[in-house]
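# Notes for the structure review
What follows is each chain in one-letter form.
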Amino acid sequence: IVGKYTKYPFIWSKSEKERHRLWNVRKNSFWANKFANPGLNSISTDVAVPYSQFSECIKTCKVEMDESILYCAIVGHIGDGNWHAAIF
């Protein structure tokens, strides 16, 4: 699926160290976005959807975000069936 819809390769984490590194990226994504938008207030969302609706949900919300005057970043972890948006 990843190969069909994106140019970025999908690589499984094979060790605890790799999984920890990826989890740190997810945990620090809010602060990276906050740093990129100094002086702006923000809210974070937590959206949970069935796997069968995950892609459609993100696509629909991404269109809405792009049409907004706000800066929005999406971080997801499909293993849990949820994703987050940082909205500035």
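Just so you know, the residues in each chain are numbered from 1, in the order the chain's sequence is written. Per-residue local features are limited, in this predicted model, to residues with pLDDT of at least 70; the limit for side-chain atom pairs, both in listing and counting, is 80 or more; totals at the level of whole chains, interfaces and linings are taken over all residues. To get the side-chain values, all heavy atoms of the structure are used, and hydrogens and water are removed first.

## Let's talk about the layout of surface pockets
Of the grid points, spaced at 1 Å and generated over the protein atoms alone, those admitting a 1.4 Å probe that cannot get out make up cavities, while open sets with protein on both sides within 12 Å along at least five of seven lines make up pockets; any residue with an atom within 4 Å of a point is treated as lining. Grid points are joined across faces, edges and corners, and a volume is the space filled by probe spheres set on the points. The space that makes up the largest pocket amounts to roughly 1200 Å³. The wall of the largest pocket is formed by 25 residues, among which Phe10, Phe54, Gly76, His77 and Ile78 lie closest to the centre. What counts as a helix is a DSSP run of H or I of at least four residues, what counts as a strand is a run of E of at least two, and both are numbered from the N terminus. Counting only elements with at least two residues in the lining of the largest pocket, the list comes to helix H1 (2-5), helix H2 (16-36), helix H3 (51-67) and strand E3 (72-77). Split by residue class, the lining of the largest pocket holds 15 nonpolar, 6 polar and 4 charged. The space that makes up the second largest pocket amounts to roughly 170 Å³. Lining the second largest pocket we find Arg26, Lys27, Ser29, Phe30, Asn33, Ser44, Thr45, Ala73, Val75, His84, Ala85 and Ala86. Elements represented by at least two residues in the lining of the second largest pocket include exactly H2, E3 and strand E4 (82-87). Residue classes follow a fixed rule: Ala, Val, Leu, Ile, Met, Phe, Trp, Tyr, Cys and Pro count as nonpolar, while Asp, Glu, Lys and Arg count as charged, and any other residue, Gly among them, counts as polar. Residues that form the lining of the second largest pocket fall into these classes: 5 nonpolar, 5 polar and 2 charged.

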